[in-house]
Amino acid sequence: MQRTLSIIKPDAVANNHIGDVIKRFESNGLKIVGMKMIRMTKKEARGFYAVHKDRLFFDSLTDFMSSGPAIAMILQGENAIVKNRELMGATDPKEAAGGSIRRDFAVDKEKNAVHGSDSPESAAFEIGYFFNSLEIVE
Ligand code: CDP
Ligand code: MG
């Protein structure tokens, strides 16, 4: 069993895709063991994406991530990190596989519907960024 952090990003929340995205997880063996609606400040978005702080897209990305409500979730299941990344599809929806969340619901490469942790280390950091142990429920 593994846990990973998922965020339904502000574009997908604004476009009424919360239920569509959750459906993909529940239909594919990923159980939600923590969930909350969040509205990140710019500072919180900068902290969350600190690994990208030197990238050209950092300022625009953190503006976008703090532009509206989002849904943070902890997904649990076998190989949850890789499974979630597969369900999400490639970063750019134009390159994402058919049937993936980003192919079906993303707006563009930045406003790409979902975030998912990419390693056990990032999952641990990202889960702890939004959730304390009392907020993880099995
Ligand atoms: O989210 P993912 O792990 O697929 O991609 P990333 O390389 O970790 O980048 C984080 C986020 O930055 C992406 O999901 C996009 O929202 C954004 N991004 C962007 O706006 N332009 C890029 N060239 C690359 C990423
Ligand atoms: Mg990433």
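Conventions adopted
Residues numbered from 1 in each chain as written. Chains lettered and ligands numbered in written order. Predicted model: local features only at pLDDT ≥ 70, side-chain atom pairs only at ≥ 80, totals over all residues. Heavy atoms only, no water. Helix = DSSP H or I, 4+ residues; strand = E, 2+ residues; numbered from the N terminus. Rg over C-alpha atoms; globule rule 2.2 N^0.38 Å. Buried < 20%, exposed > 50% of the residue type's maximum accessible area, 1.4 Å probe, protein only. Contact = heavy atoms within 4.5 Å. Areas by Shrake-Rupley, 256 points an atom, 1.4 Å probe, with all protein chains shown as cover. Lys, Arg positive; Asp, Glu negative; His and termini not counted. Charge placed at Lys NZ, Arg CZ, Asp CG, Glu CD. Salt bridge = Lys/Arg side-chain N within 4 Å of Asp/Glu carboxyl O.

1. Describing the overall build of the protein chain
Phase 1: From N to C terminus, the protein chain includes seven helices and four strands.
Phase 2: Scanning the protein chain from its N terminus toward the C terminus, one meets helices and strands in the order β-α-α-β-α-α-β-α-α-β-α.
Phase 3: For 138 residues, the compact-globule estimate of 2.2 N^0.38 gives 14 Å, and the C-alpha radius of gyration of the protein chain, at 14 Å, lies within 12% of that figure.
Phase 4: Taken along its principal axes, the extent of the C-alpha atoms in the protein chain is 35 × 35 × 25 Å.
Phase 5: Counting only residues that meet the buried cut, the protein chain has 46% of its 138 residues in that class.
Phase 6: For the protein chain, restricting intrachain contacts to residue pairs at least 6 apart in sequence, the fraction spanning at least 24 positions comes to 77%.
Phase 7: When the accessible surface of the protein chain is split by element, carbon and sulfur atoms take 52% of a total near 7300 Å².
Phase 8: In the protein chain, 19 side chains carry a positive charge and 19 a negative one; their mean positions are 2 Å apart.

2. Observations regarding the pattern of salt bridges
Phase 1: Throughout the structure, instances matching the rule amount to eight salt bridges.
Phase 2: Residue Glu-138 is joined to Arg-3 by a salt bridge in which the shortest nitrogen-to-oxygen separation is 2.8 Å. Here Glu-138, found in the segment after helix H7 (120-130), pairs with Arg-3, found in strand E1 (residues 2-8); they are 135 residues apart in sequence, far enough to count as distant.
Phase 3: On the basis of relative accessible area, Arg-3 is assigned to the partly exposed category, the value being 29%.
Phase 4: Measuring nitrogen to oxygen at the nearest pair gives 2.7 Å for the salt bridge that ties Glu-110 to Lys-111.
Phase 5: Overlapping salt bridges bring together Lys-42, Asp-59 and Asp-63 as one network.

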